[in-house]
Amino acid sequence: PELKFPGLVDSNSPAFWDGESLVVFNSAFYPVRATGSNLEELKLEEPVVCTDCQRGGGRWLEAVWQEPETRTLYGWYHLEPDDLPCLTAPVIGAAISRDGGRTWQDQGPVLENRYPTSCGDQNGYFAGGNGDFSVVLDRQQQYFYFMYSNYGGPTAQEGIALARGPFAGRGQPGTVSKYFRGAWSEPGLGGRVTPVFRTATGWAGPHVDALWGPSIHWNTAVGAYVALMNRALGADWMQEGIYLTVSDDLITWAPPQKILTSDQWYPQVFGLGPRGTDSLGGGTSRLFVGGISKYVLQLAR
């Protein structure tokens, strides 16, 4: 049966378990919070409040992680600044909540593109930037990994890129490094990147052929990390389908395979097993695209 998230969806919808309550954040320019005893019983609460926000613009909350001991909630958002001369160039920032995600204190940018805004780009949305991402803590609890879309710079650097920061840094500003030429050698703010999946055309447009918007989860059935992505193919951000890739180490990824033809955005899973979320799935998970689930995704080795 078709299932919809309760809020408007224009990004990955992260979730965590607060005791016996499931908490999900849906975002479309700003995030809203929904709670329930399970995925089918979610009810909208109040919009999320951002305190000490350091830059104006829309914010999409796209990843969360709760520290078990303190119950502090760490979140990462996609910001589209409103102070740019054309289109926008997203920035990935961090925020911290100590009340279950109702209010968030902005910590500032974590990942930012080093190249100036390219006002001549004709893809219809972005003129550079880093955004449309997910964050996952590895199983060894050594690093927080960011998998994100790099929309600016030389064509060889545009595509889906990686960054990571040590567990002790909690993915906060100044602790995250970008992956470049086989090493985590570049700063999160302004560093160069080597994409794991390069664009075929670059993002200048108007015609674009590129994977973007990755959503990662750990899959217990295959014992590996799984990422779902959109593929833009054509002008005006036209979407061709949903693709899946698998990794054992969050660095080396299998060639993406198409699993669904779709003109909608933002694929993600939601695990149906105990404590399942957008970052934890199993043999059978709900597949959401654009906040609507019409299918389950079944995976096995």
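This report concerns the structure included in the present document. (Residues numbered from 1 in each chain as written. Predicted model: local features only at pLDDT ≥ 70, side-chain atom pairs only at ≥ 80, totals over all residues. Heavy atoms only, no water.)

### Remarks on the overall build of the protein chain
Point 1. In terms of regular secondary structure, the protein chain is built from zero helices and 24 strands.
Point 2. In terms of principal-axis extent, the alpha carbons of the protein chain reach across some 50 × 40 × 35 Å.
Point 3. Burial status across the protein chain gives 56% buried among its 301 residues.
Point 4. In the protein chain, the share of contacts with a sequence separation of at least 24, taken over all contacts with a separation of at least 6, comes to 52%.
Point 5. As displayed, the protein chain has an accessible area near 12300 Å², and 50% of this comes from carbon and sulfur atoms.
Point 6. Taken together, the 22 basic and 30 acidic charged side chains of the protein chain have centroids lying 4 Å from each other. (Helix = DSSP H or I, 4+ residues; strand = E, 2+ residues; numbered from the N terminus. Buried < 20%, exposed > 50% of the residue type's maximum accessible area, 1.4 Å probe, protein only. Contact = heavy atoms within 4.5 Å. Areas by Shrake-Rupley, 256 points an atom, 1.4 Å probe, with all protein chains shown as cover. Lys, Arg positive; Asp, Glu negative; His and termini not counted. Charge placed at Lys NZ, Arg CZ, Asp CG, Glu CD.)

### Observations regarding the environment of A127
Point 1. Looking at the secondary structure, you find A127 in the loop between β10 (103-111) and β11 (130-137).
Point 2. For A127, a relative accessible area of 1% puts it in the buried group.
Point 3. In this structure, the C-alpha to C-alpha distance between A127 and Y151, residues 24 residues apart in sequence, is 7.2 Å.
Point 4. Those residues in contact with A127, other than ones at most four positions away along the chain, are C86, L87, T88, A89, P116, T117, S118, C119 and D121.

### Digging into the state of the cysteines
Point 1. Evaluation of the coordinates by the stated rule reveals two disulfides.
Point 2. One disulfide in the model links C86 with C119; its S-S distance is 2.1 Å. Where C86 bonds to C119 through sulfur, the torsion about that S-S bond is close to -90°, and the disulfide is left-handed. Of this pair, C86 sits in the loop between β8 (73-81) and β9 (91-97) while C119 is found in the loop between β10 and β11, placing the two residues 33 residues apart along the sequence. (Disulfide = S-S within 2.5 Å.)

### Let's talk about the sheet that holds β10
Point 1. The strand order across the open sheet formed by five strands is β6-β10-β9-β8-β7, and the pairing between neighbours is mixed. Of all the strands in the sheet, the pair left with one neighbour each is β6 (49-51) and β7 (57-66). Across the sheet, the mean angle separating the axes of adjacent strands is 40° when strand polarity is ignored.
Point 2. Bridge analysis of β6 against β10 gives three bridges, and the strand direction is parallel. Bridging across to β10, C50 finds its partner in W104. (Pairing = 2+ DSSP bridges. Axes fitted to C-alpha atoms, helices over the stretch in contact; angles between N-to-C directions.)

### Digging into unusual backbone geometry
Residues other than glycine predominantly adopt negative phi, and peptide bonds predominantly adopt the trans conformation.
Point 1. Between G205 and P206 the backbone carries a cis peptide bond, its omega angle lying at 5°.
Point 2. Note that P206 resides in the loop between β16 (197-198) and β17 (208-219).
Point 3. Of note, L87 is a non-glycine position whose phi angle comes to about 40°, a positive value.
Point 4. Examined against the element boundaries, L87 turns out to sit in the loop between β8 and β9.
Point 5. Positioned with a positive phi, R181 is a non-glycine residue whose angle comes to about 50°.
Point 6. Note that R181 resides in the loop between β14 (177-180) and β15 (183-187).
Point 7. For R181, a relative accessible area of 68% gives the class exposed.

### A closer look at the pairing of strand β5 (residues 43-47)
Point 1. Where strand β4 (residues 31-36) and β5 come together, three bridges link them in antiparallel fashion. Its bridge partner lying in β5, T35 is registered against K43.
Point 2. With antiparallel pairing between neighbouring strands as the criterion, β4 and β5 make up a hairpin whose turn holds six residues.

### Section: the pattern of salt bridges
Side chains bearing opposite charge may pair, as long as their charged atoms lie close to each other.
Point 1. All chains considered together, the criterion is met by twelve salt bridges.
Point 2. Where R231 meets E240, a salt bridge forms, and the shortest distance between an N and an O atom there is 3.7 Å.
Point 3. One salt bridge connects E240 with K258, and the closest N-O pair in it is separated by 2.8 Å. One end of the pair, E240, is in strand β19 (residues 239-247); the other, K258, is in strand β20 (residues 257-260), with 18 residues separating them in the sequence.
Point 4. With a relative accessible area of 19%, E240 lands in the buried category. (Salt bridge = Lys/Arg side-chain N within 4 Å of Asp/Glu carboxyl O.)

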